[in-house]
Amino acid sequence: ADCRYTCHQECRSLIQLDCRRPGQCQSQLSPESTLLPPRSQNATQTVEEEKPEPPTIQEIKQKIEKYNAKVTNCLLMKLNDDGTYTGFIKVHLKLRRPVTVPAGIRPPSIYDALKEVNLAEMTDKRTSFYLPLDAIKQLHISSTTTVSEVIQGLLKKFMVVDNPQKFALFKEMRKDGQVLFQKLPLTEYPLYLRLLAGPDTDVLSFVLKENETGEVEWDAFSIPELQNFLMILDKEEKDKIQQVHRKYERFKQRLQQTLKEARGKPG
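Thresholds applied
- Residues numbered from 1 in each chain as written.
- Predicted model: local features only at pLDDT ≥ 70, side-chain atom pairs only at ≥ 80, totals over all residues.
- Heavy atoms only, no water.
- Core = buried A, V, L, I, M, F, W, Y, C linked by side-chain atoms within 4.5 Å.
- Buried < 20%, exposed > 50% of the residue type's maximum accessible area, 1.4 Å probe, protein only.
- Helix = DSSP H or I, 4+ residues; strand = E, 2+ residues; numbered from the N terminus.
- Contact = heavy atoms within 4.5 Å.
- Patch = residues over 30% accessible without salt bridge, like charges linked within 9 Å, V, L, I, M, F, W, Y side chains within 5 Å.
- Areas by Shrake-Rupley, 256 points an atom, 1.4 Å probe, with all protein chains shown as cover.
- Salt bridge = Lys/Arg side-chain N within 4 Å of Asp/Glu carboxyl O.
- Polar contact = N/O pair within 3.5 Å; in protein donor to acceptor, adjacent residues only side chain to side chain.
- Phe/Tyr/Trp six-rings, centres within 6.5 Å; stacked < 30°, edge-to-face > 60°.
- Lys NZ or Arg CZ within 6 Å of the ring centre and 35° of its normal.
- Axes fitted to C-alpha atoms, helices over the stretch in contact; angles between N-to-C directions.
- Left-handed = near helix turned anticlockwise from the far one by under 90°.
- Nonpolar A, V, L, I, M, F, W, Y, C, P; charged D, E, K, R; others polar.
- Expected span 1.5 Å × (residues − 1).
- Arc of directions from axis to C-beta.
- pLDDT = per-residue confidence, 0-100.

This next bit is on the nonpolar core. In this structure, Ile89, Val91, Phe167, Leu169, Phe206 and Leu208 are the most contacted members of the largest nonpolar core, which totals 31 residues. Ranked by residue count, the leading element in this core is helix α6 (residues 147-157), at 5 residues. Each residue touching Ile89, except ones within four places of it in the same chain, is listed here: Lys137, Gln138, Leu139, Ile141, Val150, Pro190, Leu191, Arg194 and Phe206.

In this section: a nonpolar patch on the surface. A cluster of nonpolar residues, Val244, Tyr248, Phe251, Leu255 and Leu259, forms a patch on the protein surface that exposes about 490 Å² of accessible area. Structurally, the position occupied by Val244 is in helix α8 (residues 223-263).

Moving on, we come to the pattern of salt bridges. Counted under the stated rule, the structure contains 5 salt bridges. Where Glu172 meets Lys94, a salt bridge forms, and the shortest distance between an N and an O atom there is 3.5 Å. Remark: Lys94 occurs in the loop between β4 (85-93) and β5 (99-102) and Glu172 occurs in strand β8 (residues 167-175); sequence separation between them is 78 residues. Looking at Glu172, the relative accessible area reads 5%, which means it is buried. You can call Lys94 partly exposed: its relative accessible area is 24%. With a closest N to O distance of 3.1 Å, Lys166 and Asp162 form a salt bridge. Overall, Asp162 belongs to the buried group, its relative accessible area being 4%. Connected through shared salt-bridge partners, Lys94, Glu172 and Arg174 make up one network.

Glancing now at the side chain of Thr84. With respect to the secondary-structure elements, Thr84 resides in the loop between β3 (78-79) and β4. Polar side-chain contacts of Thr84 include one of 2.7 Å to the side chain of Asp82. Residues contacting Thr84, with those up to four places away along its chain left out, are Lys78, Leu79, Ser143 and Thr144.

Let us look at unusual backbone geometry. A negative phi holds for most residues other than glycine; trans holds for most peptide bonds. Unlike most non-glycine residues, Met159 shows phi in positive territory, near 55°. Note on placement: Met159 falls in the loop between α6 and β8. Given the relative accessible area of 11%, Met159 is considered buried.

Aromatic ring pairs are defined here through the distance separating the ring centres and the angle between the ring planes. Applying the stated rule across the entire model yields 0 aromatic pairs. Sitting over the face of the ring of Phe158, Lys137 holds its NZ or CZ atom 5.9 Å from the ring centroid. Directly above the ring of Phe170 sits Lys209, whose terminal nitrogen or CZ lies 5.2 Å from the centroid.

The next subject is the packing of helix α4 (residues 57-70) against helix α7 (residues 190-197). When two helices pack together, their arrangement is given by the angle between their axes and by how far apart the axes lie. Look at α4 against α7: their axes get within 9 Å of each other, and the N-to-C directions meet at 65°. For the element pair α4 and α7, the recorded crossing hand is left-handed. Contact with α4, carried on its side by Ile60, Lys63, Ile64 and Tyr67, involves Tyr192, Arg194, Leu195 and Leu196 of α7 and no other residues of that element. Classifying every residue of the contact of α4 with α7 by side-chain character gives 6 nonpolar, no polar and 2 charged.

Mapped onto the elements, Met173 comes out in strand β8. Relative accessible area serves as the criterion here: at 24%, Met173 is assigned to the partly exposed category. Here the alpha-carbon distance between Met173 and Val203, two residues 30 residues apart in the chain, equals 5.8 Å. Apart from the residues lying within four places of it in its own chain, the contact partners of Met173 are Gln178, Val179, Leu180, Gln182, Val203 and Leu204.

To continue, consider α4. Taking 1.5 Å of rise per residue, 14 residues should cover 20 Å, and α4 covers 20 Å from first to last C-alpha, within 8% of that figure. Along α4, the residues that are buried comprise Ile60, Ile64 and Tyr67. Each buried residue of α4 lies within a common arc of 65° when the element is viewed along its axis, so the set occupies one face. Turned more than 90 degrees away from the buried face of α4 sit Lys66 and Ala69, all of them exposed. The inward-facing, buried residues of α4 abut β3, β4 and α7.

Here we come to the confidence of the model for the protein. Across the protein, pLDDT averages 76, with 71% of residues at or above 70. Note that residues 110-114 has pLDDT below 50 and, in this model, 3 contacts with residues that lie over four places away or in other chains.

Moving on, we come to the environment of Glu212. Tracing the chain through its elements places Glu212 in the loop between β10 (205-210) and α8. In this structure Glu212 comes out as partly exposed when scored by relative accessible area, which is 41%. For the pair Glu212 and Ala168, spaced 44 residues apart in the sequence, the C-alpha separation amounts to 8.0 Å.

This is the structure:
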């Protein structure tokens, strides 16, 4: 009567209420008026109404025409008959740590790409190296291509055999002179974000970076991979310590030189 508590019929026996006035709910309201039937259709409709309506084919067509009008190169978007569309995105690779690749394997050729030959499966030997900082890879994808598929496609093109969970795709935006990064969920569609933002990469660009440590599922990695992580972290820690030592050593030398010069001046 007071709180108007509702629940599903099958949950009724599990509910324990600390009513202020016991008995009032049973006396004034019948079970039929307080309990919702299982999988209420009304509840389902309410949730569906809260979801944003997907754009129509006509709206997509207008957005693509507006997008292509701003393109200064040949990287246009193309609308298909089924309402999907294809286009290009550029991904900046900003990886601070080495990646694992097959050892002694030649780079994939156009023939390998067309035949979908996976050269990484031809050897068990592995080696690690650093990808060029700020390397850019251009991908031709569909409107149905997810962030997860983009990450896997990038790793395949560079023959990286590391677990895809080690990496994350971010969108980079510039606002008020600041560079902002936002991690994209694996189910997001990058081409749709590109379509909304337009072709200008200063407005929006995509960046592949290492995944945040707190979100990595470490159980998914093998013992050698985990040991390799520890070696990399140990090296990074030592390099950081040396940088700090050098910084304050230079500061100490300048301070001593300033004091030495000050002693010879009056006042």
